[in-house]
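Examination of the molecular architecture
Residue strings, one per chain:
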Amino acid sequence: MRNYLVVGGSSGIGEALTEILGQSHRVYATYNSHQKSNDGNVSYHPLNVLSDTFDLSFLPEKLDGVAYCPGSILLKPFHRFKDEDFMEDYKLQALGAVKTVRQVLPMIKSGDHPSIVFFSTIAVQRGFNFHSLVSMSKGAIEGLTRSLAAELSPTIRINAVAPALTDTPLAAKLLNTPEKSAAHAEKNPLKKVGTPQDIAATAAYLLSPQSGWITGQIFHVDGGFSSIIK
Ligand SMILES: NC(=O)c1ccc[n+]([C@@H]2O[C@H](COP(=O)([O-])OP(=O)(O)OC[C@H]3O[C@@H](n4cnc5c(N)ncnc54)[C@H](OP(=O)(O)O)[C@@H]3O)[C@@H](O)[C@H]2O)c1
């Protein structure tokens, strides 16, 4: 049985990942605003990555894998974003991941085939209208993925999953009518909006020893949307 930390395990992709991992492993999952109860192999702990106190004292001495799931999708025309918007988004999406890795390093260094997974977005690989904020923060995550993969090899593997639009509470505004859902599905080569399980399955694989020769990679789990025009 492996020990995993899922930061942001109370909703969407992180919740689906927690469920998959919790079937056969011990999972320490965190929530911010949606409190969740412990269940089987899964224990839930409060954590706001934006707060000054960043308490991960609930973790065991040895961790085998970590996923950092907090993110945002704030879409607006570029001229309507203020400097503060970019800074706040960067704090959540990029600096939160940095703080998490810094804190877990001693525990994950002694793990078995240790692995860290971040989340990027298709909007780094492809340019979309109104995505300047999220694409900048996630661009930082993709850089961090490759540079940490170099620096922490050969002990710890680091990869990122870059989803296209996925049906989670984060994406609710984009998918809150059948018409919007159908229009987004129609744009995708596989004619479907992602499910949290589609994305979590890849993250679970990247956290497992089965992906032991993969590091420094960005996995485009997006129905082909980043590479196919149909
Ligand atoms: N959904 C998409 O279409 C999509 C597309 C591309 C990339 N992504 C990326 O995939 C990742 C997961 O997204 P999702 O759609 O599953 O999001 P989600 O449903 O909003 O879940 C986000 C998780 O992060 C936690 N969280 C949020 N703010 C936090 C904070 N300040 N401190 C600690 N935890 C915090 C949330 O906790 P509470 O719910 O308890 O507050 C929740 O558990 C994100 O990095 C996102 O950018 C998603």
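Criteria and thresholds
- Residues numbered from 1 in each chain as written.
- Predicted model: local features only at pLDDT ≥ 70, side-chain atom pairs only at ≥ 80, totals over all residues.
- Heavy atoms only, no water.
- Helix = DSSP H or I, 4+ residues; strand = E, 2+ residues; numbered from the N terminus.
- Rg over C-alpha atoms; globule rule 2.2 N^0.38 Å.
- Buried < 20%, exposed > 50% of the residue type's maximum accessible area, 1.4 Å probe, protein only.
- Contact = heavy atoms within 4.5 Å.
- Areas by Shrake-Rupley, 256 points an atom, 1.4 Å probe, with all protein chains shown as cover.
- Lys, Arg positive; Asp, Glu negative; His and termini not counted.
- Charge placed at Lys NZ, Arg CZ, Asp CG, Glu CD.
- Pairing = 2+ DSSP bridges.
- Axes fitted to C-alpha atoms, helices over the stretch in contact; angles between N-to-C directions.

1. Digging into the overall build of the protein
Secondary structure assignment for the protein yields 6 helices and 7 strands. Going residue by residue from the N terminus, the α and β elements of the protein occur as β-α-β-β-β-α-β-α-α-β-α-α-β. What you see for the protein is a C-alpha radius of gyration of 17 Å, in line with the 17 Å of a compact globule of 230 residues. In terms of its C-alpha atoms, the protein occupies a principal-axis envelope of roughly 45 × 35 × 35 Å. Every one of the 230 residues in the protein was classed for burial, and the buried ones make up 50%. When contacts within the protein are restricted to residue pairs at least 6 apart in sequence, those whose partners lie at least 24 apart make up 69%. If you sum the accessible surface of the protein, you get close to 11,600 Å²; carbon and sulfur atoms cover 55% of it. Between the centroid of the 21 positive side chains of the protein and the centroid of its 20 negative side chains there is a distance of 4 Å.

2. Brief notes about the side chain of threonine 202
Following the sequence through the fold, threonine 202 ends up in helix H6 (residues 196–207). With a relative accessible area of 17%, threonine 202 lands in the buried category. Aside from chain neighbours lying at most four places away, what touches threonine 202 is Val161, Phe219 and Val221.

3. What to know about the sheet that holds strand E5 (residues 115–119)
With respect to topology, 7 strands assemble into an open sheet ordered E3-E2-E1-E4-E5-E6-E7, the strand pairing being parallel. Only two strands of the sheet have a single neighbouring strand rather than two, namely strand E3 (42–46) and strand E7 (218–221). Taking the axes of each pair of neighbouring strands and ignoring which way they run, one obtains an average angle of 20° across the sheet. The pairing of E5 with strand E6 (residues 157–163) spans 5 bridges and is parallel. The partner of serine 115 across the bridge, within E6, is arginine 157. Here helix H1 (residues 12–22) sits on the sheet in contact with strand E1 (3–7), strand E2 (26–31), E3, strand E4 (65–68), E5 and E6, set at roughly 170° to E1. With respect to the sheet, helix H2 (residues 83–109) is in contact with E1, E4 and E5, its orientation differing from that of E4 by roughly 170°.

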